[in-house]
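Structural overview for review
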Amino acid sequence: MGDSKATYECRVSLLADSEIQVRHNALEAARVAANKVMFDKLGETGYLVKVVTYPHIILRENRMIATAGADRLQEGMRRSFGKPTGRAALVRANRPIIDIYVNEPALDHAREALRVSSSKLPTSCRISVERIKSQAA
């Protein structure tokens with residue numbers, strides 16, 4: 001989200017404190033929250049939001065029937081594979097979940113956006129700021 005063609009001075013990252021699985025809908029909620037804050041503060045340009053993690057893991061569920069006569073209809077865990085119910089991303093500790101690229105004056109807005117988006121995730125997170133070295137030098 002944002003302006004992908006511009007050059008930026010800083011990268012602000014949201015880092016997970018522990019190793020967890022994050023469902024795809026939690027990642028999407030965090031992305032929407034971060035983008036909304038940045039869009040409200042800076043408009044369409046002046047920032048770039050990237051979701052670094054991708055939900056590769058397929059979550060499956062073996063649903064069990066809990067009504068009368070269910071014992072004649074199902075076989076419990078025999079040949080159980082389950083139906084896909086969602087996707088999740090395995091996030092390692094101290095790895096970035098979301099990166100926001102901004103210039104120096106917008107650092108506070110990026111920190112606020114990541115603070116809001118961290119409340120959508122199932123773990124405590126840290127925010128790190130890193131200066132990007134210029135390619136021209």
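In short, a report on the structure. From a predicted model like this one, the values you see are computed outputs, not experimental measurements.

Among the structural elements, Ala33 can be located in helix α1 (residues 24–42). Assessed through its relative accessible area of 13%, Ala33 is described here as buried. Between the C-alpha atom of Ala33 and that of Ser118, which follows or precedes it by 85 residues, the distance is 9.1 Å.

With that settled, consider the pattern of salt bridges. A complete count under the given rule lists 8 salt bridges for this structure. The partner of Arg31 in a salt bridge is Glu28, with the nearest N and O atoms 2.5 Å apart. Separated by 3 residues within a single helix, Arg31 and Glu28 lie in helix α1, roughly one turn from each other. Between Glu104 and Arg131 there is a salt bridge, with its nearest N and O atoms 3.4 Å apart. Separated by 27 residues along the polypeptide, Glu104 in the loop between β6 (96–102) and α2 (107–118) and Arg131 in strand β7 (residues 125–131) bring together distant segments of the chain. Given a relative accessible area of 37%, Glu104 falls into the partly exposed group.

On to the packing of α1 against α2, then. Look at α1 against α2: their axes get within 8 Å of each other, and the N-to-C directions meet at 150°. When the axis of α1 is compared with that of α2, the two are roughly antiparallel. Crossing hand, α1 versus α2: right-handed. Listed contacts from α2 to Ala30, Ala33, Ala34, Val37, Met38, Lys41 and Leu42 of α1 are His109, Ala110, Glu112, Ala113, Val116 and Ser117.

Quick look at the sheet that holds strand β4 (residues 57–61) now. With antiparallel pairing, the 3 strands of this open sheet are ordered in space as β2-β5-β4. Of all strands in the sheet, those bounded by a partner on one side alone are β2 (20–23) and β4. Adjacent strand axes in the sheet meet at a mean angle of 45°, parallel and antiparallel pairs treated alike. Bridging between β2 and strand β5 (residues 83–91) involves 4 bridges; their strand directions are antiparallel. Within β5, the residue paired with Ile20 across the bridge is Val91. Here α1 sits on the sheet in contact with β2 and β5, set at roughly 75° to β2.

Here we take up the sheet that holds β6. Judged by pairing direction, the sheet is antiparallel, and its 4 strands sit side by side in the order β3-β6-β1-β7 without closing on themselves. Bordering the open sheet on either side are β3 (47–51) and β7, each of which pairs with just one other strand. Direction aside, the axes of adjacent strands within the sheet are offset by 15° on average. Where strand β1 (residues 10–16) lies against β6, 6 bridges are found, and the strand directions are antiparallel. The partner of Cys10 across the bridge, within β6, is Val102. Taken strand by strand, α1 contacts β3 and β6, and its axis lies near 180° from that of β3. The sheet contacts of α2 involve β1, β6 and β7, and relative to β1 the element is tilted by about 20°.

Parameters and conventions
- Residues numbered from 1 in each chain as written.
- Predicted model: local features only at pLDDT ≥ 70, side-chain atom pairs only at ≥ 80, totals over all residues.
- Heavy atoms only, no water.
- Helix = DSSP H or I, 4+ residues; strand = E, 2+ residues; numbered from the N terminus.
- Buried < 20%, exposed > 50% of the residue type's maximum accessible area, 1.4 Å probe, protein only.
- Salt bridge = Lys/Arg side-chain N within 4 Å of Asp/Glu carboxyl O.
- Axes fitted to C-alpha atoms, helices over the stretch in contact; angles between N-to-C directions.
- Parallel < 35°, antiparallel > 145°, perpendicular 65-115°, else oblique.
- Left-handed = near helix turned anticlockwise from the far one by under 90°.
- Contact = heavy atoms within 4.5 Å.
- Pairing = 2+ DSSP bridges.

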